[in-house]
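Read off the chains here:
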Amino acid sequence: MSQLTTGLGIDIGGSGIKGAPVDLTTGEFLKERMKVLTPDRSDPEAVAEIVHGIAEHFPEAAGMPLGVTFPGVVQGGVVRTAANLDKSWIDTDARSLFAEATGRPVRVLNDADAAAVAETRYGAAKDVPGVVLMTTLGTGIGTALVVDGRLVPNTEFGHLEIDGHDAETRASSGAKEREALSYREWATERLQRYYRVVEDLLWPDLIVVGGGVSRKAEKFLPLLDIRTPVVAASLLNTAGIVGAALAAAESETG
Ligand code: BGC
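About the criteria used
- Residues numbered from 1 in each chain as written.
- Predicted model: local features only at pLDDT ≥ 70, side-chain atom pairs only at ≥ 80, totals over all residues.
- Heavy atoms only, no water.
- UniProt positions renumbered as here; feature names shortened; annotations may be inferred.
- Pairing = 2+ DSSP bridges.
- Helix = DSSP H or I, 4+ residues; strand = E, 2+ residues; numbered from the N terminus.
- Axes fitted to C-alpha atoms, helices over the stretch in contact; angles between N-to-C directions.
- Contact = heavy atoms within 4.5 Å.
- Polar contact = N/O pair within 3.5 Å; in protein donor to acceptor, adjacent residues only side chain to side chain.
- Bend = angle between axes of the 7 residues up to and from the residue.
- Buried < 20%, exposed > 50% of the residue type's maximum accessible area, 1.4 Å probe, protein only.
- Salt bridge = Lys/Arg side-chain N within 4 Å of Asp/Glu carboxyl O.
- Domains from an automatic or database assignment.
- Buried area = accessible area lost by both parts, 1.4 Å probe.

If you look the chain up in an unreviewed UniProt entry, it shows as ROK family protein from Nocardiopsis dassonvillei. In UniProt, the chain has this text filed under Sequence similarities (unreviewed entry): "Belongs to the ROK (NagC/XylR) family."

Undergrad: Hey, could you run me through the sheet that holds strand β15 (residues 230-232) in this one?
TA: Strands pair in a sheet through their backbones, by hydrogen bonds, and they do so in one of two ways: parallel or antiparallel. Strand order in the open sheet formed by five strands is β11-β10-β9-β14-β15, with mixed pairing between adjacent strands. Both edges of this open sheet fall to β11 (150-152) and β15, since each of them pairs with a single strand only. Taken over all neighbouring pairs, the strand axes of this sheet differ in orientation by 30° on average, direction set aside. Across three bridges, the pairing between strand β10 (residues 141-147) and β11 is antiparallel. By the bridge assignment for β11, V147 is matched with R150. Most of the contacts of helix α3 (residues 111-122) go to β10, to which it runs at about 45°, and overall it touches β9 (131-137), β10, β11 and β14 (206-210). Across the sheet, helix α6 (residues 183-202) lies against β9, β10 and β14, angled at about 150° from β9, the strand it touches most.

Undergrad: What exactly am I supposed to notice about the side chain of R190 here?
TA: Of note, R190 is situated in helix α6. A distance of 2.8 Å separates polar atoms of two side chains, one belonging to R190 and the other to E179. Sequence-distant contacts of R190, that is, excluding residues within four places in its chain, are made with R170, A171, E179, L181 and E185.

Undergrad: Is there a simple way to explain the side chain of S172 in this structure?
TA: By secondary structure assignment, the location of S172 is in the loop between α4 (168-171) and α5 (173-178). A polar contact is formed between the side chain of S172 and the backbone oxygen of T139, at a distance of 3.4 Å. Residues in contact with S172, not counting those within four places in the same chain, are G138, T139, G140, I141 and W186.

Undergrad: What is the right way to look at α6 in this model?
TA: Since one α-helical turn is 3.6 residues long, residues separated by three or four positions face the same way. At L191, α6 shows its largest kink, close to 40°. All buried positions along α6 are accounted for by W186, A187, R190, L191, Q192, Y194, Y195, V197, V198 and E199. Where α6 is buried, its residues contact β9, β10, β12 (161-162), α4, α5 and β14. Among the residues trailing α6, W203 stands out with phi positive, at a value near 45°.

Undergrad: Just to check I follow, could you spell out the pattern of salt bridges for this structure?
TA: For the structure shown, the criterion picks out nine salt bridges. Between D91 and R80 there is a salt bridge, with the nearest N and O atoms lying 3.1 Å from each other. Here D91 is found in the loop between β7 (78-79) and α2 (94-102), whereas its partner R80 is found in the loop between β7 and α2, with 11 residues between them in sequence. Here the salt bridges do not stand alone but share partners, grouping R41, D43 and D86 into one network.

Undergrad: For this particular structure, what's the right way to read the domain arrangement of the chain?
TA: Accessible area lost during the coming together of the parts is what is often quoted as the interface size. The domain boundaries assigned to the chain delineate domain 1 (6-113 + 238-249) and domain 2 (127-232). On a C-alpha basis, the centroid separation for the pair domain 1 and domain 2 is 23 Å. Facing 11 residues of domain 1, the contacting portion of domain 2 comprises 14 residues. Contact between domain 1 and domain 2 buries roughly 830 Å² in total, counting both sides, with carbon and sulfur atoms accounting for 49%. When the buried area of domain 1 at its contact with domain 2 is split by residue, N84, A112 and D113 rank highest and sum to 56% of it. Our enumeration of links across domain 1 and domain 2 arrives at zero salt bridges. Taken together, the links from domain 1 to domain 2 amount to three residue pairs in polar contact (both at pLDDT 80 or more). At the level of secondary structure, the elements contributing two or more residues to the side of domain 1 that touches domain 2 comprise β6 (74-75) and α3.

Below is the structure:
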């Protein structure tokens, strides 16, 4: 098995689409990342054009494996859900779409899954045995389950129904912003309820909290009264890009 040491990762989110070439031996960016705002009409054509533009922006990455994350369920390269992007994505073959747009093979995977792949290799979940639950708090809530270092793809625990609501509409950092909640209100009233339900259902050994807001982890993680040890992601908002690049490299060598 040959070892690929670089990859290009692109992370599609509800607010931004970001990419960078990644050094897979360290999990660090080789170049400053490029970010484009997600267009209001976030349909497959518009997003594919941006993915193409980001790939072109890094000519040195032309021969590198390309991984792209998507904020929804992705089975065999086909998008199955799109809670926070245009609904026309549902049943789109994203792998073929991005391969045509960029002229190269592409690996497409769920955004939280990509983040967990990166945290497992380089970050907060490295060498952690047992069951690790990664949650990414952003526009929605992404989840990824890693068991003894192996990912169980496409878990969607952000959409658990809790107290009659789709959990992410109450506990994501998007909800915090929308409702102008303080860190304390958000942590003690929303996140704690969410994590207590999740820990009672899954009994993880560790919860890793990612997403942009994890940069401010000291403002809310210490307020959580839950049973499971909980830590901030160490790659912060680079995890999606890094995990996408790593997953792409692994599917080329695996
Ligand atoms: C989607 C997940 C995604 C998460 C974070 C949720 O609404 O259903 O697939 O991982 O948002 O983007």
